[in-house]
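Read off the chains here:
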Amino acid sequence: ETCSERKLTMAYKPSKSPALKLWKQLGGTSIGRWLVSKIICFVAPYFSTIKPVFTVLEPGHTELTFKKRRAVQNHIKSVHAIAMCNAAELAGGTCLDVSLHGDFRWIPVGMEVKYLKIAKTDLKAICKIDNYDWEEPQDVIMPVGVFDSSGDEVFHADIRMRISPKRG
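A short tour of the structure in this document, coming up. All of these numbers come straight from a predicted model, not from anything done at the bench.

1. Brief notes about the nonpolar core
- Core analysis: the biggest nonpolar cluster contains 43 residues, and F66 and M84 have the highest contact counts within it.
- Among the elements that make up this core, the one with the highest residue count is helix α4 (residues 81–99) (10 residues).
- Residues in contact with F66, not counting those within four places in the same chain, are I50, K51, P52, V79, A83, M84, A87, D122 and L123.

2. Comments concerning the packing of aromatic side chains
- Taken as a whole, this structure holds 1 aromatic pair when the rule is applied.
- Measuring from ring centre to ring centre gives 5.5 Å for Y115 and F155, while their planes differ by 50 degrees; the resulting arrangement is tilted. Separated by 40 residues along the polypeptide, Y115 in strand β3 (residues 104–115) and F155 in strand β6 (residues 153–165) bring together distant segments of the chain.
- Overall, the relative accessible area of 48% leaves Y115 in the partly exposed class.
- For F155, a relative accessible area of 0% gives the class buried.

3. Some remarks on the pattern of salt bridges
- This model, assessed by the stated rule, comprises 5 salt bridges.
- Taking the shortest distance from any N to any O, the salt bridge between K67 and D122 comes out at 3.7 Å. Pair noted here: K67 is in the loop between β2 (61–66) and α4 and D122 is in the loop between β3 and β4 (123–128), with a separation of 55 residues, a long-range link.
- On the accessibility criterion, D122 (35% relative accessible area) is partly exposed.
- Its salt-bridge partner being K117, residue D148 comes within 3.7 Å of it at the nearest N-O pair. In this pair, D148 sits in the loop between β5 (138–147) and β6 while K117 sits in the loop between β3 and β4, placing the two residues 31 residues apart along the sequence.
- According to the relative accessible area criterion, D148 is buried, its value standing at 10%.
- Take K117: its relative accessible area is 40%, and that puts it in the partly exposed class.
- Among the charged side chains, a salt-bridge network with shared partners connects K117, D148 and D152.

Cut-offs applied
- Residues numbered from 1 in each chain as written.
- Predicted model: local features only at pLDDT ≥ 70, side-chain atom pairs only at ≥ 80, totals over all residues.
- Heavy atoms only, no water.
- Core = buried A, V, L, I, M, F, W, Y, C linked by side-chain atoms within 4.5 Å.
- Buried < 20%, exposed > 50% of the residue type's maximum accessible area, 1.4 Å probe, protein only.
- Helix = DSSP H or I, 4+ residues; strand = E, 2+ residues; numbered from the N terminus.
- Contact = heavy atoms within 4.5 Å.
- Phe/Tyr/Trp six-rings, centres within 6.5 Å; stacked < 30°, edge-to-face > 60°.
- Salt bridge = Lys/Arg side-chain N within 4 Å of Asp/Glu carboxyl O.

Interpretation in functional terms is not warranted from these geometric data alone.
Listed below in structure tokens is the structure:
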């Protein structure tokens, strides 16, 4: 065993995320995806305001959709900016949660957002990261794009997440 192989073995600690475990059990069907989404929103109730449905949930990649409906619209009948912030935080936080190994916890500490286009359709939030083998406490940026039904990015968020050790 070489030094680099030993480091890789020591660094790799798979996620112990309950959401990921649930997804692996139920995420293969539309009813299962809906149920996992409901359970995640039960744990963090504010996210249920957008009625999200996860479509992808794996380390380094999370996608969810939510419908344009009256409850998430603003006065000009487009999707409200805060509804998109809500979707972005859910996508980014869940992506980090299923990517992070069990010795760490996380919390959002900041969000920089860009409103790129009026959101007039149902939306999809996507968070995708390539490197998620964090070995020490740090702040990381989780990028989240929100796309309309034409595939145009209407909103972008860079969410600063603080990773810290779990307490005993």
